[in-house]
Amino acid sequence: MDASMKFVQIVDFETDRFDEMRAVAEEADKRFAGRSGGPTHRLVLRDRNNPGHVLVVIEFDSYEDAMRNSDDPETTEFARQMAALCTRPPSFTDCDVLDMTEFK
């Protein structure tokens, strides 16, 4: 794979404590802000037909950046806190970004 290829991880989970989860994420955002090699974008999606079902799409500049981020103890603690607010364990899908188009 191309080392400069962007990488995305999709986290799929269910929760009935979304507001608490958002508060934990906002606190983590403050701690992680400006950290080199961290996520570059995050998109949070709620299933209209099942409001407790949430997908989070997290973009990194590379797979290597994502793996370094995953190995960080702060990231591990953040993931533990988030999982504790889920009604089922989250699942993770790792994706190489092959193409991205912005429509204006």
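Description of the structure in this document. Sequence order as written defines the numbering, with residues in each chain counted from 1. Residue-level local features of this predicted model are given only where pLDDT is at least 70; pairs of side-chain atoms are given and counted only at 80 or more, and the full residue set underlies all totals for whole chains, interfaces and linings. Note: side-chain values were computed over all heavy atoms of the structure, leaving out hydrogens and water.

Bringing the sheet that holds strand β3 (residues 53-60) into the picture now. Criterion used throughout: strands pair if DSSP finds at least two bridges between them. To qualify as a helix, a DSSP run of H or I must reach at least 4 residues; to qualify as a strand, a run of E must reach at least 2; elements of each kind are numbered from the N terminus. On the basis of which strands lie adjacent, the open sheet formed by four strands has the order β2-β3-β1-β4 and antiparallel pairing. The open sheet is flanked by β2 (41-46) and β4 (88-96), the only strands paired with a single partner. Between one strand axis and the next, the sheet turns by 15 degrees as a mean value, whatever way the strands run. The pairing of strand β1 (residues 7-14) with β4 spans seven bridges and is antiparallel. Bridge pairing in β4 places E14 opposite R88. Fitted lines through C-alpha atoms serve as axes, helices being fitted only where they are in contact, and the angles separating the N-to-C directions of these axes extend from 0 to 180 degrees.

Turning our eyes to something else, we now look at the packing of aromatic side chains. Aromatic contacts are taken between Phe, Tyr and Trp rings whose centres are within 6.5 Å, Trp giving its six-membered ring; a plane angle under 30 degrees counts as stacked, one over 60 as edge-to-face, and the others as tilted. Applying the stated criterion across every chain, the model contains one aromatic pair. On the numbers, 5.3 Å between centres and 80 degrees between planes, the contact of F7 with Y63 is edge-to-face. One end of the pair, F7, is in strand β1; the other, Y63, is in helix α2 (residues 63-71), with 56 residues separating them in the sequence. What makes F7 buried here is its relative accessible area of 2%. In this scheme, a residue with accessible area under 20% of its type's maximum is buried, one over 50% is exposed, and one in between is partly exposed, where area comes from a 1.4 Å probe on protein chains only.

Covalently bonding the sulfur atom of one cysteine to the sulfur atom of another cysteine gives a disulfide. When two cysteine sulfur atoms lie within 2.5 Å, the pair is treated as a disulfide. Enumeration according to the criterion identifies zero disulfides in this entry. Free of any disulfide, C86 has its nearest cysteine sulfur in C95, 19 Å distant. In this structure C86 comes out as buried when scored by relative accessible area, which is 16%.

The next subject is the environment of Q81. Inspection of the secondary structure assignment puts Q81 in helix α3 (residues 73-84). As for Q81 and V24, which are separated by 57 residues in sequence, their C-alpha atoms are 7.6 Å apart.

Time to look at the nonpolar core. One finds F13, M21, V56 and F78 to be the most contacted residues of the largest nonpolar core, which totals 17 residues. Put simply, the parts of the chain that give this core at least two residues each are β1, α1 (18-32), β3 and α3. The leading source of residues in this core is α1, at five residues. Ignoring sequence-local partners within four residues, the contact set of F13 consists of M21, G52, H53, V54, V56, C86, R88 and P90. Nonpolar cores are built from buried Ala, Val, Leu, Ile, Met, Phe, Trp, Tyr and Cys residues. Side-chain atoms within 4.5 Å join them into one set. In this analysis, two residues are considered to be in contact whenever any of their non-hydrogen atoms come within 4.5 Å of each other.

Our focus in this paragraph is the pattern of salt bridges. Within this document, salt bridges are pairs made up of a side-chain nitrogen of Lys or Arg and a carboxyl oxygen of Asp or Glu, the two lying within 4 Å of each other. All told, the structure shown has ten salt bridges when counted by the stated rule. The residue D65 makes a salt bridge to R68 at a minimum N-O spacing of 2.4 Å. With D65 and R68 both in helix α2 and three residues apart, this pair spans about one turn of that helix.

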